[in-house]
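Letter by letter, the chains look like this.
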Amino acid sequence: MELAELMTLRPEPGAGLLLTVTGRCPLHCAHCSTAATMAADEPDADRLRAFVSTFTPAEHPAVLMMTGGEPLLRPELVTDLAATARAAGTRTALLTGAFFVGRADHGAGHLASGAGPLPAPVPDSAPVPVPVPERIWRAATSVDHFSVSLDAFHEREVDRRSVFGLIRRVLDAGVATSFHLVGTGPDDPYLADVTADIRRTFGDRVPMLVNSLRRVGRAASWAAANTALPGAALPIAAAPDPERALPCSMAAWPVVAADGTVVACCNQRVVDRRPAPRHLTLGHIATDDWQSVAVGARTSPVLRMIRTVGPAHLLHRYGGAEQATAPPDYCAGCRALGDHPEALAAASAAASGPVGALLDRYAARGQVEAGAATLVRRHGCAPYADLVDLPGARR
Ligand code: SF4
Ligand code: SF4
């Protein structure tokens, strides 16, 4: 399963499930959106297995995306979940920081501090062969899509040549691969360098999802980017006009957080903070199965309105006089929708019936038809959006 297909499904309600395999990670990236450490929470493994085993051939997500923290800290669990999901018809993807390849100049497994100067640029980034522990290799090749995070912060601890060597091995094993890249913005020279390096090394076989830094997690105290849209780094001056409908595509795939709570979107504050806003909570893996989570994600009138007109528009129209004039902070406004019963009531009146379902389907279909690059242009680092769909990637 290639990155473009995966991203094309992103606006489709219930087409995917993002699953936190663990909140833990041995790396120390200064920009980590989850502020992961080895002391973080992780969901009970048996509960995760039980939840994924509720996927059925008739009712399953098209994609299960396993994330963290670092999911390959639990390689046997990843392998099991991939097999269980596949039996129901779900394809799987994995996002890793590749902690196990270490730095070629320090030896595998070297885990340096996330602080300190960036490593000197490597003049020749030809992949170096990397040993991969057997249990991790089994997990890496059990999925349908294998993706590695790479950015200036990762490169302090895991070097580029080793990551390239890992991608080369996984690609040669017949698994579709991609890079998830992060930079400070469209003008970041790191992004120009790393994307060119990947094209030189892999041609157009390995697509890339390029994002701009967001001010969440460990980056909350220092990142300059201000988010007007989930995932987009726009200055507040460029905040969207609330008179216009501005749907949120991120409210389509449920997310299993590290404590087992299932929330409606991947906004890090929604995923991390408890209690999660009620209108963005879909259940818990201890008590709910996939079917009830999927039905909740597809039929909640508030989520339908968030997906079709967006939270800023909803608040502007129905949130009272103060909201009608307030500058929109897209996700903060969405998280606070519960404080505006009149907006929730308006969502319920407008979107709980068949018309709401139809509008939701229509909005999703439009975004799916627009394709992966259009979605990334809106939510990621726009000048690099076309790299999500490279022609040489395996279909
Ligand atoms: S590898 Fe990923 S999860 Fe781990 S510290 Fe870095 S950004 Fe966070
Ligand atoms: S908080 Fe609301 S607007 Fe932000 S990503 Fe989640 S659902 Fe979308």
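What comes next concerns the included structure. Note that the structure is predicted; figures quoted are calculated from it, not measured. (Residues numbered from 1 in each chain as written. Chains lettered and ligands numbered in written order. Predicted model: local features only at pLDDT ≥ 70, side-chain atom pairs only at ≥ 80, totals over all residues. Heavy atoms only, no water.)

1. Considerations on the packing of aromatic side chains
Counted by the stated rule, this structure contains five aromatic pairs. Between Phe-55 and Trp-290, the ring centres sit 5.7 Å apart and the planes meet at 65°, which makes this aromatic pair edge-to-face. Here the residue Phe-55 occupies a position in the loop between helix H2 (45–52) and strand S2 (63–67), and Trp-290 occupies one in helix H8 (residues 290–299), the gap between them amounting to 235 residues. No difference in accessibility class separates Phe-55 from Trp-290, as the two residues are buried. Pairing Phe-99 with Phe-100 gives two aromatic rings, centres 5.3 Å apart and planes at 85°, and the pair type is edge-to-face. Assessed through its relative accessible area of 14%, Phe-99 is described here as buried. Grouping aromatic residues by their ring pairs yields a cluster made of Phe-164, Phe-179 and Phe-202. In this structure, Arg-169 is placed above the aromatic ring of Trp-137, and the distance from its NZ or CZ to the ring centre is 4.3 Å. (Phe/Tyr/Trp six-rings, centres within 6.5 Å; stacked < 30°, edge-to-face > 60°. Helix = DSSP H or I, 4+ residues; strand = E, 2+ residues; numbered from the N terminus. Buried < 20%, exposed > 50% of the residue type's maximum accessible area, 1.4 Å probe, protein only. Lys NZ or Arg CZ within 6 Å of the ring centre and 35° of its normal.)

2. Looking at the pairing of S2
For S2, the buried fraction is high: five of the five residues fall into the buried class. Of the two faces of S2, both are covered, the one formed by Val-63, Met-65 and Thr-67 as well as the one formed by Leu-64 and Met-66. Sheet analysis places strand S1 (residues 16–20) next to S2, joined by five bridges and oriented parallel. The residue bridging Gly-16 from the neighbouring strand is Val-63, located in S2. Each parallel crossover has a hand, and for S1 linked through H2 to S2 it is right-handed. When S2 meets strand S3 (residues 91–96), the two strands line up parallel, connected through four bridges. Looking at S3, one finds that Met-65 is bridged to Ala-93. Handedness of the S2-helix H3 (residues 75–88)-S3 crossover: right-handed. (Pairing = 2+ DSSP bridges. Right-handed = clockwise from strand over helix to strand, strands pointing away.)

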